[in-house]
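An overview of the molecular structure
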Amino acid sequence: MAEIKTVGILGAGKVGIVLAQLALKAGYNVRISGSGSVQKIALTIETLVPGAIASTNQGVVSKSDIILLAIPLSRYKNINSKLLKGKLVIDAMNYWWETDGIREEVLDPSLTSSEQVQQYFSKSTLVKTFNHMGYHNLQEDARPEGADDRKALFVTGNDHEAVDEVADFVNTMGFDTVIHYNLADGIMTEPGSELFGASLSKADLQNVIDHFDETEFGKKIKEAHEEQKQ
Ligand SMILES: NC(=O)c1ccc[n+]([C@@H]2O[C@H](COP(=O)([O-])OP(=O)(O)OC[C@H]3O[C@@H](n4cnc5c(N)ncnc54)[C@H](OP(=O)(O)O)[C@@H]3O)[C@@H](O)[C@H]2O)c1
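Quick look at the structure, then. (Residues numbered from 1 in each chain as written. Predicted model: local features only at pLDDT ≥ 70, side-chain atom pairs only at ≥ 80, totals over all residues. Heavy atoms only, no water.)

**Overview of the sheet that holds strand E8 (residues 176-180)**
Whether parallel or antiparallel, the strands of a sheet pair through hydrogen bonds between backbone atoms. Spatially, E3-E2-E1-E4-E5-E6-E7-E8 is the arrangement adopted by the eight strands of the open sheet, whose pairing is mixed. Of all strands in the sheet, those bounded by a partner on one side alone are strand E3 (53-54) and E8. Bridge analysis of strand E6 (residues 125-128) against strand E7 (residues 152-157) gives two bridges, and the strand direction is antiparallel. Paired with Val127 across the strands is Gly157, a residue of E7. Here helix H6 (residues 113-120) sits on the sheet in contact with strand E4 (66-69), strand E5 (88-91) and E6, set at roughly 165 degrees to E6. Helix H8 (residues 160-173) rests against strand E1 (6-10), E4, E5, E6, E7 and E8 of the sheet, and its axis sits at about 160 degrees to E7. (Pairing = 2+ DSSP bridges. Helix = DSSP H or I, 4+ residues; strand = E, 2+ residues; numbered from the N terminus. Contact = heavy atoms within 4.5 Å. Axes fitted to C-alpha atoms, helices over the stretch in contact; angles between N-to-C directions.)

Here is the structure:
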């Protein structure tokens, strides 16, 4: 895959802005868009992320080497799936009832959110990360590699090469990683899981992931899978 020079962020809200700040600090070029006109976000970007380029979704995607989806989950189908064709895409989204409304209207209960996003963007390679840490923690807990108090993010997806590339990217953004090669394992960090909202060291994150089936949420997911099989 091509070297990452420009990071494209769809969504100029809380998470999008923080990820843009981290990416700029890490030395990447950054392009970012919101749902409306460029003018609508231009001043915010100039003020909060000086150096990043406010653009349209099209302008972000066409000029970026990696795309971060940082929009409400209920809105991803507003983006034409063809726009992201051939792109490496990070899914930082979660279902959140206050923003997204009734879950069944947004998600098929039999699949994880990232599997559904991948199905929709079927010509893109999706990797899930940055979703389980709150934006304040993403902003405040990023550290250079090797720092004693560094935190970790879970990175998972079906394409090994893409997962490894995204894990390297996450490392440059200030976090250690715990890696899985299965997009469906994104469930381990979805809302309701012990890891949702958590900012943990790599050892602690690894420990929860390794014992996911023993967590309350993990037990519920296991039961649901068993019911589905019957
Ligand atoms: N908040 C957190 O701590 C946190 C942490 C990790 C992950 N996440 C996840 O990240 C996503 C964004 O959360 P947030 O808290 O940053 O939300 P937010 O503050 O409401 O920001 C969402 C942004 O997405 C933009 N947007 C909506 N539809 C769009 C489209 N079709 N194209 C481009 N931009 C679009 C919105 O633009 P307009 O304002 O113009 O509509 C807004 O700038 C959610 O899925 C959330 O679950 C959140």
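**Here's the deal with the site of the ligand**
In the vicinity of the ligand, 26 residues are found, and the nearest of them are Lys14, Val15, Ser35, Ile71 and Tyr135. One of the backbone nitrogen or oxygen atoms of Gly13 is found 3.2 Å away from an oxygen atom of the ligand. Contact between the ligand and Lys14: an oxygen atom at 2.9 Å from a side-chain N or O atom of the residue. Considering the ligand on its own, with 900 Å² of exposed area, one finds that the protein chains cover 80% of that surface. For the shell around the ligand, a count of residues per class yields twelve nonpolar, eleven polar and three charged. (Near = heavy atom within 4 Å. Polar contact = N/O pair within 3.5 Å; in protein donor to acceptor, adjacent residues only side chain to side chain. Areas by Shrake-Rupley, 256 points an atom, 1.4 Å probe, with all protein chains shown as cover. Nonpolar A, V, L, I, M, F, W, Y, C, P; charged D, E, K, R; others polar.)

**Focus on the nonpolar core**
Val7, Ile9, Phe130 and Phe169 are the most contacted members of the largest nonpolar core, which has 36 residues in total. Listed by contribution, the elements that provide at least two residues to this core are E1, helix H1 (14-25), strand E2 (29-33), helix H2 (38-48), E4, E5, E7 and H8. Each residue touching Ile9, except ones within four places of it in the same chain, is listed here: Gly16, Leu19, Ala20, Val30, Arg31, Ile32, Ser33, Val60, Leu68 and Ala70. Val60, Tyr76, Ile79 and Tyr95 belong to the second-largest nonpolar core, a separate cluster that totals 19 residues. (Core = buried A, V, L, I, M, F, W, Y, C linked by side-chain atoms within 4.5 Å. Buried < 20%, exposed > 50% of the residue type's maximum accessible area, 1.4 Å probe, protein only.)

**Description of the side chain of Arg31**
Here Arg31 is to be found in strand E2. Among buried charged residues, Arg31 stands out as having no salt bridge; its nearest opposite-charge side chain is Asp65, 9.6 Å away. Dropping the residues within four chain positions of it, Arg31 is found in contact with Thr6, Val7, Gly8, Ile9, Ile53, Ser55, Gly59, Val60, Lys63 and Ser64. (Lys, Arg positive; Asp, Glu negative; His and termini not counted. Salt bridge = Lys/Arg side-chain N within 4 Å of Asp/Glu carboxyl O.)

**A look at the pairing of E7**
Within E7, six of the six residues are buried, leaving the element largely enclosed by the surrounding structure. Side chains Ala152, Phe154 and Thr156 of E7 all project onto a buried face; the interleaved residues Leu153, Val155 and Gly157 project onto the opposite face, where all are buried too. In this sheet, E8 lies alongside E7 in parallel orientation, the contact comprising five bridges. Within E8, the position partnered with Thr156 by the bridge is His180. For the handedness criterion, the β-α-β arrangement of E7, H8 and E8 is classed as right-handed. (Right-handed = clockwise from strand over helix to strand, strands pointing away.)

**Considering the environment of Asp91**
Note that Asp91 resides in strand E5. Note on Asp91: relative accessible area 0%, which makes it buried. Expressed as a C-alpha distance, the spacing of Asp91 and Thr156, which sit 65 residues apart in the sequence, is 9.9 Å. Other than its neighbours up to four places away in sequence, Asp91 contacts Leu69, Ser114, Val117, Leu126, Val127, Lys128, Thr129 and Asn131. Engagement of the side chain of Asp91 in a polar contact is seen with the side chain of Ser114, the distance being 2.8 Å.

**Side note on the pattern of salt bridges**
The tally for this structure, following the rule as stated, stands at four salt bridges. Across the pair Lys219 and Glu216 runs a salt bridge whose closest N-O atoms are separated by 3.4 Å. With Lys219 and Glu216 both in helix H10 (residues 216-229), this residue pair falls three residues apart, about one helical turn. Overall, the relative accessible area of 39% leaves Lys219 in the partly exposed class. Of the residues examined, Glu216 reaches a relative accessible area of 52% and is grouped as exposed.

**A look at H1**
With twelve residues, H1 should reach 16 Å at 1.5 Å per residue; the first-to-last C-alpha distance of 17 Å fits that figure. Of all the residues in H1, the buried ones are Gly16, Ile17, Val18, Leu19, Ala20, Leu22 and Ala23. Tucked into the core, H1 has its buried residues touching E1, E2, H2, E4, helix H7 (135-141) and H8. (Expected span 1.5 Å × (residues − 1).)

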